[in-house]
Amino acid sequence: LIDVEAGANLMSRIIFSFVVLFAVDRGCGLALEHVARGVYDGERTGGLVRAVIDHPEARVLLLGSSRVRRHLDPRRFESALGRSVRNAGCDGQGIAYARAVAALARARGSRAELYVVDLNPFDLIDARESRAGVLSPFYGEVPVVDELLASRSEWAPIYLESHAYRFNSAALPLVFRAMRGQAVEDDRGFSPLARRERPRDVDGPDLEGDEASTRRGLAHYRALVREARAGGVSVVFVVGPVRGGWSAADLDRIELLARAVRDEGASVIDLRDAGLDSSRWVDAIHLDAEGADELSRRVAESLVPESLVPETRVPEGSGDTQGSG
Amino acid sequence: MGLALFGIFKKVVVADRLALYVDAVYSNPSAHSGSTLLLATYAFAFQIYADFSGYSDVAIGCARALGFDLRPNFDRPYASRSIREFWRRWHISLSFWLRDYLYVPLGGSQHGRAKTIRNLFVTMILGGLWHGAAWTFVVWGALQGALLAVSHVVRRPEVDSPLRRAFDVLVTFHLVCLGWVFFRAANLSDAMAVLSGLTRDGATFVDAHTIAHGTVGVVVMLLVESARSFPDRVRFTPNEFVSIRAVIVSAALLLGVALLGVEEGSQFIYLQF
């Protein structure tokens, strides 16, 4: 009743299929990893992450979204602090990304002693974990990244076993950028926006968060500080300005976040009323190059008198830092 | 299972990717330039084809794996030289159903030209309504009816050359795209905003990431379908080589889905009908 030969034939075909699939997947993943090395550009390809983790010499990392990448000039910080600084901000990302990049940098031997992080109330509405796909090529390196990627869907841990999938939607731009060569000048990750004659009439996101998203956002902020301090890194959060000022709801969120990070031992620099020239805004939340330069100077100067920059590394697992709170 | 995998490729790599661009443009048509609206309409033509034919391929492939041989539902419809030919190649199961259960019972083409035209109109408007109770589908159906009526009345010249064929295919494709504007738009006023905006000047909104991925997907899809439509050229004898080829093709399709697919795609368009 049982055709043993046909069964064995079917089994050998199935095994053969898996072997081919495995080989193709690993081959493709390896090839893409090879291409990715040295491509330090591209928000969706992990290029900006590689630019950070492949420069472990930076003593100060600036972390956050486009409000960091476009606003904070590492050279201003270097003049004020006398230490090498790298901008690790990325457009469209949030606190989840900042936390993951910091963890990756530490795992790759980062010598950073201070993280300057954008305190963004929008993180309590959406911490943007859904955009963590950009970190997929780094799956398996640190638990923070793995948990973040795995939390995106119940199938994610299975998908991520595929090395090709880790470059989902990144393979084409990676290959294009690699073929084009490293044309982008590496300005320590800083990329200011061009001036606009008229600011774009696009308001910032006007969304309401729910309790779960608030809890998730707060957890990321607390965890970032805890993980950094465990690695001997101090953390300073910066509340930057927005065009027209923060709304009442956002101010509440800012207070909530500030309280949480101070509880964890971080400091907060409040520049929400920085009084920047109103013509410097290119939209509701972004400054042009001159506005960014002014804001960079203010943040950098705030770091020095308040002695927020540690002189030496804090021993692992120690208590409070010099945070002023 | 190769056919089912190809269906998934069409859905995840082509349809879901193009949907990102189409949705962005069609959600606010009056804000975009004519070239952007045109590009989005072309993109929707391939999105809906990849979505629906991908859905059909998955169903046919799964059925075949279980021993049921279902008829193909699409036969390279955008290579059609007329609207009549298009409807013989697009959503074949629905076209046959409309023909057998609406057009023929209404009298078909047996009672003179006027009644034939009326029957075509009624059939296609009901076909449009089958997609949903919205004026956009009514207009879409009426447009198909009108085009079929014209196609019925006007006879194509007996000239047959590669250039002529290309011209016919191009004209037919654009007439189909005209219908897709009504099919895709959220309402009639959006559809009119698209059509009236086609002449609007302005920069073309190009999401390079989406367009590049979508184009690669469309090219692969068309190449595979062209190869499938010439079976003599790619026929292999049913020996061990066939299964090795099947394994390699399946691996390539899975790799394509893993590398180029949209992670959080939408459901199949036709699931809502």
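Residues numbered from 1 in each chain as written. Chains lettered and ligands numbered in written order. Predicted model: local features only at pLDDT ≥ 70, side-chain atom pairs only at ≥ 80, totals over all residues. Heavy atoms only, no water.

Helix and strand counts for chain B come out as 10 helices and zero strands. If you list the helices and strands of chain B from N to C, you get α-α-α-α-α-α-α-α-α-α. Considering only C-alpha atoms, chain B reaches an extent of 60 × 50 × 40 Å along its principal axes. Taking all 273 residues of chain B together, the buried fraction comes to 47%. Within chain B, contacts between residues separated by at least 24 positions form 73% of all contacts whose residues are at least 6 apart in sequence. Just so you have it, chain B exposes about 13600 Å², and 65% of that area is on carbon and sulfur atoms. (Helix = DSSP H or I, 4+ residues; strand = E, 2+ residues; numbered from the N terminus. Buried < 20%, exposed > 50% of the residue type's maximum accessible area, 1.4 Å probe, protein only. Contact = heavy atoms within 4.5 Å. Areas by Shrake-Rupley, 256 points an atom, 1.4 Å probe, with all protein chains shown as cover.)

It is worth spelling out the environment of A:Ala164 at this point. If you trace the backbone, A:Ala164 turns up in the loop between helix 7 (156-159) and helix 8 (171-180). Sequence separation of A:Ala164 and A:Gly47 is 117 residues, and the distance between their C-alpha atoms is 17 Å. Residues in contact with A:Ala164, not counting those within four places in the same chain, are A:Asp25, A:Cys28, A:Gly29, B:Leu255, B:Ala258 and B:Leu259.

This brings us to empty space enclosed by the protein. Residue and element names in this part refer to chain A. All told, the structure shown has four cavities of 30 Å³ or more when counted by the stated rule. Here the largest cavity defines a volume of roughly 70 Å³. Residue lining of the largest cavity: Arg67, Val68, His71, Leu72, Asp118, Val238, Gly240, Leu295 and Val299, and that is the complete set. Of all elements in the fold, only helix 3 (66-69) and helix 11 (289-303) reach the threshold of two or more residues within the lining of the largest cavity. For the lining of the largest cavity, the class distribution of residues is five nonpolar, two polar and two charged. (1 Å grid on protein atoms, 1.4 Å probe; cavity = no way out; pocket = protein on both sides within 12 Å on 5 of 7 lines; lining within 4 Å. Points joined across faces, edges and corners; volume = space filled by probe spheres on them. Nonpolar A, V, L, I, M, F, W, Y, C, P; charged D, E, K, R; others polar.)

Attention now goes to helix 9 (residues 211-230) of chain A. Residues and elements named next belong to chain A. Given a rise of 1.5 Å per residue, 20 residues ought to cover 28 Å, and the 28 Å separating the end C-alpha atoms of helix 9 matches this to within 8%. Along helix 9, the residues that are buried comprise Ser213, Gly217, Leu218, His220, Tyr221, Ala223, Leu224, Val225, Ala228 and Arg229. With its phi angle positive at about 80 degrees, Gly232 sits one or two positions after the end of helix 9. (Expected span 1.5 Å × (residues − 1).)

Here the focus is helix 1 (residues 4-36) of chain A. Residues and elements named next belong to chain A. A rise of 1.5 Å per residue sets the reference length of helix 1, with its 33 residues, at 48 Å; its end C-alpha atoms lie 47 Å apart and thus fit the reference within 8%. All buried positions along helix 1 are accounted for by Val20, Asp25, Cys28, Gly29, Leu32 and Ala36. Looking one or two residues past helix 1, Gly38 carries a phi angle of roughly 95 degrees, positive in sign.

A contiguous nonpolar surface patch, about 600 Å² in accessible area, is contributed by A:Leu10, A:Met11, A:Ile14, A:Ile15, A:Phe18 and A:Val19. In this structure, A:Phe18 sits in helix 1. (Patch = residues over 30% accessible without salt bridge, like charges linked within 9 Å, V, L, I, M, F, W, Y side chains within 5 Å. Salt bridge = Lys/Arg side-chain N within 4 Å of Asp/Glu carboxyl O.)

So, on to the pairing of strand 5 (residues 267-270) of chain A. Residue and element names in this part refer to chain A. With four bridges joining them, strand 4 (residues 234-239) and strand 5 adopt parallel strand pairing. In the strand pairing of strand 5, Val239 is matched with Asp270. As a crossover connection, the stretch from strand 4 through helix 10 (residues 248-263) into strand 5 is right-handed. (Pairing = 2+ DSSP bridges. Right-handed = clockwise from strand over helix to strand, strands pointing away.)

Another point: the confidence of the model for chain B. The predicted coordinates should not be examined in detail at positions where pLDDT is low. All names here are of chain B. Within chain B, residue pLDDT values average 87, and 92% of them lie at 70 or more. The secondary structure element of chain B with the lowest average pLDDT is helix 10 (residues 240-260), at 79, and the one with the highest is helix 8 (residues 188-197), at 95. Under a pLDDT of 50 for its full length, residues 231-241 has, in the predicted model, seven contacts with residues more than four places off or in other chains. Across the interfaces of the predicted complex, the ipTM metric reaches 0.77, alongside a pTM of 0.80. (pLDDT = per-residue confidence, 0-100.)

Bringing the sheet that holds strand 3 (residues 114-118) of chain A into the picture now. In any sheet, the strands associate via hydrogen bonds between backbone groups, in a parallel or an antiparallel arrangement. All names here are of chain A. Pairing is parallel in the open sheet, where five strands are placed in the order 2-1-3-4-5. Two strands lie at the open edges of the sheet, namely strand 2 (85-87) and strand 5, each paired on one side alone. In this sheet, neighbouring strand axes are inclined to one another by 20 degrees on average, regardless of whether the strands run parallel or antiparallel. Here strand 3 pairs with strand 4 via five bridges, running parallel. Note on strand 4: the bridge partner recorded for Leu114 is Ser234. Of the strands in this sheet, strand 1 (60-63) and strand 3 are in contact with helix 5 (residues 95-107), which crosses strand 1 at around 155 degrees. (Axes fitted to C-alpha atoms, helices over the stretch in contact; angles between N-to-C directions.)

Our focus in this paragraph is the interface of chain A and chain B. Contacts between the two partners involve 20 residues from chain A, matched on the other side by 19 residues from chain B. Both sides together, the interface formed by chain A and chain B hides about 1700 Å², and carbon and sulfur atoms give 64% of it. Summed over the three residues of chain A that lose the most area to chain B, namely A:Asn168, A:Ser169 and A:Leu172, the buried surface amounts to 29% of that side. Summed over the shared surface of chain A and chain B, the result is one salt bridge. Close ionic contact of B:Asp207 with A:Arg44 constitutes a salt bridge, the shortest N to O distance being 3.9 Å. If you look at where chain A meets chain B, you find six residue pairs in polar contact (both at pLDDT 80 or more). Sorting the residues of the side of chain A that touches chain B by element identifies helix 1 and helix 8 of chain A as the ones contributing at least two each. Per-element tally for the side of chain A that touches chain B: the top contributor is helix 1 of chain A, with nine residues. Considering only residue class, the side of chain A that touches chain B consists of 12 nonpolar, four polar and four charged. (Buried area = accessible area lost by both parts, 1.4 Å probe. Polar contact = N/O pair within 3.5 Å; in protein donor to acceptor, adjacent residues only side chain to side chain.)

All names here are of chain A. The phi dihedral of Arg128 falls on the positive side, at around 60 degrees, and the residue is not glycine. Note on Arg128: relative accessible area 8%, which makes it buried. Despite not being glycine, Ser169 shows a phi value in the positive range, around 65 degrees. Examined against the element boundaries, Ser169 turns out to sit in the loop between helix 7 and helix 8. When its relative accessible area of 13% is taken as the criterion, Ser169 is described as buried.

Now for the pairing of strand 3 of chain A. All names here are of chain A. With respect to burial, strand 3 is a largely interior element, five of its five residues being buried. Both strand 1 and strand 3 contribute to a ladder of four bridges, which runs parallel. Across the sheet, the residue bridging to Leu63 is Val117, located in strand 3.

All names here are of chain B. Applying the stated criterion to the full structure yields 26 aromatic pairs over all chains. On the basis of an interplanar angle of 40 degrees and a centroid distance of 6.0 Å, the ring pair of Phe46 and Phe173 is categorised as tilted. Taken together, the residues span a long stretch of sequence, with Phe46 in helix 2 (residues 34-65) and Phe173 in helix 7 (residues 162-184) at a distance of 127 residues. Each of the two residues, Phe46 as well as Phe173, counts as buried. A centroid spacing of 5.3 Å and a plane angle of 85 degrees characterise the contact between Trp180 and Phe183, whose relative ring orientation is edge-to-face. One end of the pair, Trp180, and the other, Phe183, are both in helix 7, three residues apart, so they sit about a helical turn from each other. Here Arg99 stacks its cationic end above the ring of Phe96, 4.6 Å away from the centre of that ring. (Phe/Tyr/Trp six-rings, centres within 6.5 Å; stacked < 30°, edge-to-face > 60°. Lys NZ or Arg CZ within 6 Å of the ring centre and 35° of its normal.)

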